[in-house]
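Each chain, letter by letter, is given below.
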Amino acid sequence: MRIDDYVSELHSALRGPHGPKHDLVVEARDSLVDTADALEGDGLTRAEAERLAVEEFGRVREIAPGYQAELTATAGRRMALLLLVSLPATVLMWSLVWRFYPDDVTSWTELPAWYGVVSRLLDLLQLAVGVYGGLALLALGRGSRWIARPHLVTRSLGLAVWVMLPVTSVLGLLMSQDNSVSAGLGTFPAVLLVSLLTYACAGVQLYCATRCIRLSRTA
């Protein structure tokens, strides 16, 4: 097999984030080319040098699992960083909104007793997943040498998001049913902006979580 054919097969065998995947494949190709150049300098023809370089590098099915594991860990680190940043930021944004809205203080006194409990539970759930993202980031980074199956950490991040988003959606919907606060909420500009940012973050989180689960199965 020539180098270009080998690299094409390796590229097709791997799944993961485009940038890191491209870098790994380019790195493999550069290594093969360097080996083939050295062999050609020893007197072999280019075709023979490339075939021998490929043979020494290893079959795709032998080296692909190692490359795939790295791509899966990379996806996990990206997911973990996203959770660590976006979830506390979401809680902070909504906390600032509620500090200024509603401007009528008496509206808060009319809230049912469960409203504060649900609101606190919503914040704590998001913060907990954000903290778990930070721990997972450490585990997939500096702690990777002590983790036997890092792909399970990546999978757990994806599953955490798939559990968190439906629960937070239900809690948010439950809070919005109280008309004493939600009646004029849609006309408050900051609420619209924060809502759009929250939905955007949730969409990105869901996409990355789905990819993490899929890649962890491949790994």
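For the structure, check the block above.
Residues numbered from 1 in each chain as written. Predicted model: local features only at pLDDT ≥ 70, side-chain atom pairs only at ≥ 80, totals over all residues. Heavy atoms only, no water.

Draft legend 1. Representation of the pattern of salt bridges within the structure. Inspection of every chain in the model, using the stated rule, returns 6 salt bridges. One salt bridge connects R29 with D4, and the closest N-O pair in it is separated by 2.9 Å. Note that R29 is positioned in helix α2 (residues 18-41) and D4 in helix α1 (residues 3-13), a separation of 25 residues in sequence. The salt bridge partner of R46 is E40, with a shortest N-O separation of 2.9 Å. Salt bridges sharing common partners tie together R2, D37, E40, R46 and E50. (Salt bridge = Lys/Arg side-chain N within 4 Å of Asp/Glu carboxyl O. Helix = DSSP H or I, 4+ residues; strand = E, 2+ residues; numbered from the N terminus.)

Draft legend 2. Here's a closer look at α1. Regarding α1, the residues found buried are I3, Y6, V7 and L10. Buried positions in α1, seen along its axis, are confined to an arc of 95° and lie on one side of it. On its buried side, α1 packs onto α2, α3 (46-57) and α4 (60-100). (Buried < 20%, exposed > 50% of the residue type's maximum accessible area, 1.4 Å probe, protein only. Arc of directions from axis to C-beta. Contact = heavy atoms within 4.5 Å.)

Draft legend 3. How the structure looks around the environment of W114. Examined against the element boundaries, W114 turns out to sit in helix α6 (residues 113-140). Relative accessible area serves as the criterion here: at 35%, W114 is assigned to the partly exposed category. Once the C-alpha coordinates of W114 and M175 are considered, the two residues, 61 residues apart in sequence, prove to be 9.3 Å apart. With near-sequence residues (within four places) excluded, W114 lies in contact with L174 and M175.

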